[in-house]
Amino acid sequence: MKINKRILLVFFTLFYFFQTSGYAQVTLAKVFGDNMVLQRGINIPVWGKATPGSLIVATLGKASTKAKTGKDGKWILYLPKFKAGGSYDLNISESGKPYSAIKLTGILIGDVWIASGQSNMEWQVQQAQDAPNEIAKADFPQIRFLTVEHDIKLIPQSDFLAGKWKLCDPNNVKQFSAVAYYFARKIHKEQNVPIGIIQSTWGGTPVQAWTSREMQLSSSATRAKMLASDTLTQNNIVKDSLDMIRFWDIVYHPQNNADKTVPSPEYDDSGWTAVDMPRLVKDFGIGKYEGMMWLRKKIVLPASFAGKQLILNIGHPEMNYSLYFNGAEICKAIWNSNPKQSYTIPAGLVKNGENTIAIRMAMLWGGGGLNPPAENIYIAGEDAKISLAGKWLYKTNIEPATPKIHNYQNYPAVLFNSMINPLIPFGVKGFIWYQGEANDTEAYLYRKLFPMLINDWRQHWHQDNLPFLYVQLANFKKKIRFLLKANGLN
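Before going into details, it helps to say that this report is about the structure given with it. The structure presented is a predicted model; accordingly, all values stated were derived computationally and were not measured.

**A short note on the overall build of the protein chain**
In terms of helices and strands, the protein chain carries 11 helices and 25 strands. Across its three principal directions, the C-alpha atoms of the protein chain cover 85 × 80 × 50 Å. Taking all 490 residues of the protein chain together, 48% fall into the buried category. Taking all contacts inside the protein chain whose residues are at least 6 apart in sequence as the whole, residues at least 24 apart take part in 77%. Here the protein chain displays about 24,600 Å² of accessible surface, and carbon together with sulfur accounts for 53% of that area. Between the centroid of the 54 positive side chains of the protein chain and the centroid of its 38 negative side chains there is a distance of 7 Å.

Below, the structure is given as structure tokens:
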């Protein structure tokens, strides 16, 4: 068989190209990107991967520096100190290989803060007070945010899962941390310098998840739990992640067409259990229950209501719910944090005589139901108000059970590994931290746990005096107040 010489030439050319220019084109850690903010007044660290032994050349503005890639393909270099300003382009390439160049644009020099903690820090601008007004005026192109995507890892990672720098404008600001945004806005206005926020947060997580394994092994307060978590495997984490997807699918999407049948006035609820509402699921007398629950109530409305638009006020619900009137969906998957808990019932749905109200409610984490007082749940017309308090019917297990979630994100060091270690040694001005409720039962121990976290991060950044600003949990529980007073803490 004859072999075409041209085909051989192309093959060997490509083979030589991939061997020499290689598997290792220049890459940057994900913390670097267009529109980022770099820390002023320090030698700026930049790092990534490339062909082992190659020379990396980086240029920022008029400043240029070089570094040699190690045998493992990793490289790090330090750009000279810059004053606040910009914008700049950052160009990085392997020496002699212009096709390998990376160019990042829109870079500012200013102050960079890492914002971390749980839901108090994760709480978004769009969920904050007066959100529409705040969002509309959030036009600050010199404030930039990078949000690190949630991830769980058993060993320290060199890069995080995903995340890109975004300019602060009315479109992007909605999903930024509200605390971090107001913090950045205040400093930006007062100091007139660009501000970068790296948001690395996860609601409901304890401080131990954010502290390195080495630090926790160094203390008798945390060593035992750190070692006990060694039985955790990545397969456990993957399965829990898949179960979590299924969990939220059940919460947000009615299963088995339940939303098409259960809210109907004709649905047979004769076998359901009666309960006086409003009350929370913990007071139903059924023990601990987690999953979806349906509630129904039939109510006879006066003739003056028939064919008229009505207002139905659900009071103060707990967790997540959907509301139905005479089989029609009025709202879907609304959280208790929603500022509006009253709804317009279209005139065409309102019948003379008996009408049916149904609620699909998520009972989660020990919570769920309707909070008192009774006068806050009612249906009203122009000239009358009818209470919805009193006897309702409820039933569990109409839909599949929610899978048990192990919440491995709460295990020691796993978030440090995946969401903090990849940021080291990015140049920062300091850290802001909002303590959450995951450690509220460890008030006494927290006096050790929290300083461990602070020292841990400062040591990893090799700066023992990096500012660490924090908000403490409000003393709203008797146990916390007692422990704080008992131990001489304010």
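**So, the pattern of salt bridges**
In this structure the tally under the stated criterion is 15 salt bridges. For the salt bridge of Glu 134 with Arg 185, the shortest nitrogen-to-oxygen distance reads 2.9 Å. Of this pair, Glu 134 sits in helix H3 (residues 131-136) while Arg 185 sits in helix H4 (residues 178-191), placing them 51 residues apart in sequence. The buried category is assigned to Glu 134, whose relative accessible area is 12%. Overall, Arg 185 belongs to the buried group, its relative accessible area being 17%. One salt bridge in this structure joins Lys 239 and Asp 243, with 2.8 Å as the shortest N-O distance. Taken together, the residues span about one helical turn, with Lys 239 and Asp 243 both in helix H7 (residues 234-252) at a distance of 4 residues. Asp 243 sits in the buried class, given a relative accessible area of 16%.

**Brief notes about a nonpolar patch on the surface**
A cluster of nonpolar side chains, namely Val 238, Leu 242 and Ile 245, defines an oily patch on the protein surface of about 300 Å² accessible area. One can find Val 238 in helix H7.

**A word on the side chain of Arg 185**
Looking at Arg 185, its side chain comes within polar contact range of the side chain of Glu 134, at 2.9 Å. The contact partners of Arg 185, leaving out residues within four places of it in the chain, are Glu 134, Lys 137, Phe 140 and Ile 143.

**Observations concerning the packing of aromatic side chains**
The tally for this structure, following the rule as stated, stands at 26 aromatic pairs. Relative to Phe 450, the ring of Tyr 446 lies with its centre 5.4 Å away and its plane at 20 degrees, an arrangement referred to as stacked. With a gap of 4 residues between them, Tyr 446 and Phe 450 both fall in helix H10 (residues 443-460), about one helical turn apart. Phe 450 matches Tyr 446 in its accessibility class, with the two residues each being buried. Taken together through their ring pairs, the aromatic side chains of Phe 431, Trp 433, Tyr 446, Phe 450, Trp 457, Trp 461, Phe 468 and Tyr 470 make up a single cluster. Residue placement shows Lys 385 over the ring face of Tyr 378; its charged tip is 4.2 Å from the ring centre.

**Observations regarding the environment of Asn 326**
Relative to the elements of secondary structure, Asn 326 occurs in the loop between strand E16 (320-325) and strand E17 (328-335). Judged by its relative accessible area of 13%, Asn 326 is buried. Residues Asn 326 and Thr 59, spaced 267 residues apart in sequence, show a C-alpha to C-alpha distance of 67 Å. Residues in contact with Asn 326, not counting those within four places in the same chain, are Pro 263, Pro 265, Leu 349, Lys 351, Asn 355 and Thr 356. Among the polar contacts listed, one links the side chain of Asn 326 to the backbone oxygen of Leu 349, at a separation of 2.8 Å.

**Observations regarding unusual backbone geometry**
Geometrically, the link from Gly 86 to Ser 87 is a cis peptide bond, its omega value of 15 degrees lying close to zero. Tracing the backbone through its elements, the reader meets Ser 87 in strand E7 (residues 85-94). Of note, the bond from Pro 372 into Pro 373 is cis; its omega dihedral lies within 30 degrees of zero at 10 degrees. Tracing the sequence through the fold places Pro 373 in the loop between strand E20 (369-371) and strand E21 (378-380). Phi angles above zero are rare outside glycine, and Asn 257 is one such case at about 55 degrees. Examined against the element boundaries, Asn 257 turns out to sit in the loop between H7 and helix H8 (258-261). One non-glycine residue, Ala 333, lies in the positive phi region at around 50 degrees. Its place among the elements puts Ala 333 in strand E17. Residue Ala 333 is classed as buried on the basis of its relative accessible area of 18%.

**Considering the sheet that holds strand E22 (residues 385-387)**
What holds strands together in a sheet is hydrogen bonding between their backbones, with the strands either parallel or antiparallel. The strand order E18-E14-E21-E22 describes an open sheet built from 4 strands, whose pairing is antiparallel. Among the strands making up the open sheet, the edge pair consists of strand E18 (342-345) and E22. Adjacent strand axes in the sheet meet at a mean angle of 20 degrees when their direction is disregarded. Two strands pair when backbone bridges link them, and strand E14 (residues 310-313) and E21 are joined in this way by 3 bridges, in the antiparallel orientation. Each bridged residue has a counterpart across the sheet, and for Leu 312 the counterpart in E21 is Ile 379.

**Quick look at the nonpolar core**
If you look at the biggest cluster of nonpolar residues, it comprises 63 residues, and the most contacted ones within it are Val 31, Phe 32, Ile 198, Trp 210, Phe 426, Trp 457 and Trp 461. Filtering out sequence-adjacent residues up to four positions away, Phe 32 remains in contact with Leu 38, Pro 45, Val 46, Trp 47, Leu 104 and Phe 426. Listed in part, the 31 residues of the second largest apolar core include Ile 334, Tyr 343, Ile 345 and Ile 357.

**Thoughts on the pairing of E14**
Both E14 and E18 contribute to a ladder of 4 bridges, which runs antiparallel. From the neighbouring strand, Ile 311 faces E18, where its bridge partner is Thr 344.

**Looking at the side chain of Ser 212**
If you trace the backbone, Ser 212 turns up in the loop between strand E11 (195-201) and helix H5 (213-217). A polar side-chain atom of Ser 212 sits 3.2 Å from the main-chain amide nitrogen of Met 215.

**What about H4?**
Think of an α-helix as turning once every 3.6 residues; residues three or four places apart then point the same way. The end-to-end C-alpha separation of H4 is 20 Å, in line with the 20 Å expected for 14 residues at 1.5 Å each. Buried within H4 we find Ala 178, Ala 180, Tyr 181, Phe 183, Ala 184, Arg 185, Ile 187 and His 188. N-capping of H4 is provided by Ser 177, with a side-chain oxygen placed 3.1 Å from the backbone N of Ala 180. Downstream of H4 by a residue or two, Asn 192 has a phi angle that is positive, lying close to 55 degrees.

Calculation criteria
- Residues numbered from 1 in each chain as written.
- Predicted model: local features only at pLDDT ≥ 70, side-chain atom pairs only at ≥ 80, totals over all residues.
- Heavy atoms only, no water.
- Helix = DSSP H or I, 4+ residues; strand = E, 2+ residues; numbered from the N terminus.
- Buried < 20%, exposed > 50% of the residue type's maximum accessible area, 1.4 Å probe, protein only.
- Contact = heavy atoms within 4.5 Å.
- Areas by Shrake-Rupley, 256 points an atom, 1.4 Å probe, with all protein chains shown as cover.
- Lys, Arg positive; Asp, Glu negative; His and termini not counted.
- Charge placed at Lys NZ, Arg CZ, Asp CG, Glu CD.
- Salt bridge = Lys/Arg side-chain N within 4 Å of Asp/Glu carboxyl O.
- Patch = residues over 30% accessible without salt bridge, like charges linked within 9 Å, V, L, I, M, F, W, Y side chains within 5 Å.
- Polar contact = N/O pair within 3.5 Å; in protein donor to acceptor, adjacent residues only side chain to side chain.
- Phe/Tyr/Trp six-rings, centres within 6.5 Å; stacked < 30°, edge-to-face > 60°.
- Lys NZ or Arg CZ within 6 Å of the ring centre and 35° of its normal.
- Pairing = 2+ DSSP bridges.
- Axes fitted to C-alpha atoms, helices over the stretch in contact; angles between N-to-C directions.
- Core = buried A, V, L, I, M, F, W, Y, C linked by side-chain atoms within 4.5 Å.
- Expected span 1.5 Å × (residues − 1).

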